[in-house]
Amino acid sequence: MRAAKLSVILLLISLLAACGFKLRGSAALPGHKLPFATIALSLDPTSEFHAQLKRNIEASSPGTRVVNDVREAEAVLTVLGDTVQKNILSLSASGRAREFQLVRSFAFKVHANVATAAAATPPVKYTDAPPVAGPTEYIAPSTITLRREITFSDDLVLSKESEEQLLWRDIQNDLVQQLMRRLAAAKLQPVKTE
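Here the residue numbering is sequential within each chain, running from 1 through the sequence in written order. Owing to the predicted nature of the model, reporting of local features is limited to residues with pLDDT of at least 70; listing and counting of side-chain atom pairs is limited to 80 or more, with chain, interface and lining totals taken over all residues. Hydrogens and water molecules were not included; the side-chain quantities draw on all heavy atoms of the structure.

## Section: the confidence of the model for the protein
Any region with low pLDDT has predicted coordinates that should not be read closely. Put simply, the test is: pLDDT is defined as a per-residue confidence score from the predictor, taking values between 0 and 100. Comment: elements are numbered from the N terminus, with helices defined as DSSP H or I runs of at least four residues and strands as E runs of at least two. Here, residues are in contact when the closest pair of their heavy atoms is within 4.5 Å.
On average, residues of the protein score 81 in pLDDT, and 79% of them reach the 70 mark or higher. Per-residue pLDDT, averaged within each element of the protein, yields its smallest value for helix α3 (residues 114-120) (54) and its largest for strand β1 (residues 38-41) (94). Counted against residues more than four places away or in other chains, residues 117-127, with its pLDDT under 50, gives zero contacts.

So, in structure tokens, the structure goes:
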């Protein structure tokens, strides 16, 4: 009987291995070269978000480093807005909130440091052509909006508070991963004027 169980287990393991089954790993970006060597982040340097984004940038692209001084940076990530909201989705029969939606909207742009770009390109002399602004923008102003839903119960206040904190942390991790994908796909382009 024991030998039969062991043979069934070995058969199942070999079937899983044969079909190419593999546990899903982390969503890291190994080997993605960012299009700039240095970047400055216009975030509070003591915040957890700054530390997490810096760690991901330097880990995913070994040639890229995050600098604190904007004058040393080739690119600058400018935060245009970062808002967090907790909206009520539904109410119970007694009029208490039963479901919430956690929303984080992060607006940003990534542009070339104009002083660094001007110093790198020599001025052109004796030309009749009008001056044309060079490429100065890696990512046009964009917004990433992330949403998560959470139920609420008056009986489980403490556990629901810790679940909410976990969801906020998950939103921040997802935001960092989406920023990393956009940074990896960025290309220097001229600013579009309207």
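## Points about the sheet that holds strand β2 (residues 65-67)
To keep it simple, the criterion reads: Two strands qualify as a pair provided DSSP detects at least 2 bridges between them. Under this scheme, a helix contributes an axis fitted over its contacting stretch, all axes are lines through C-alpha atoms, and angles between N-to-C directions fall in the 0 to 180 degree range.
Overall, mixed pairing links the five strands, which are arranged β2-β1-β3-β4-β5 in an open sheet. Strands with a single pairing partner mark the edges of an open sheet, and in this sheet they are β2 and β5 (137-151). The sheet shows a mean angle of 30° between the axes of neighbouring strands, taken without regard to direction. Across three bridges, the pairing between β1 and strand β3 (residues 75-91) is parallel. Note that in β3 the partner of A40 across the bridge is V76. Those strands touched by helix α2 (residues 48-60) are β1, β2 and β4 (97-112), and its axis lies near 170° from that of β1.

## Describing α2
Defined as follows: Any helix carries an expected span of 1.5 Å times its number of residues minus one. Each residue's exposure class comes from its accessible area (1.4 Å probe, protein chains only) as a fraction of the maximum for that residue type: buried when under 20%, exposed when over 50%, partly exposed otherwise. To be clear, the arc concerns the directions from the helix axis to the C-beta atoms.
For α2, which comprises 13 residues, the first-to-last C-alpha distance of 18 Å matches the rise-based estimate of 18 Å (1.5 Å per residue) to within 8%. The complete set of buried residues in α2 reads F49, H50, Q52, L53, I57 and S60. Taken down its axis, α2 places every buried residue within 170° of arc, on the same side. Those residues of α2 that are exposed and aimed more than 90 degrees away from the buried face are E48, R55 and A59. Buried positions along α2 lie against β1, β2, β4 and α4 (157-184).

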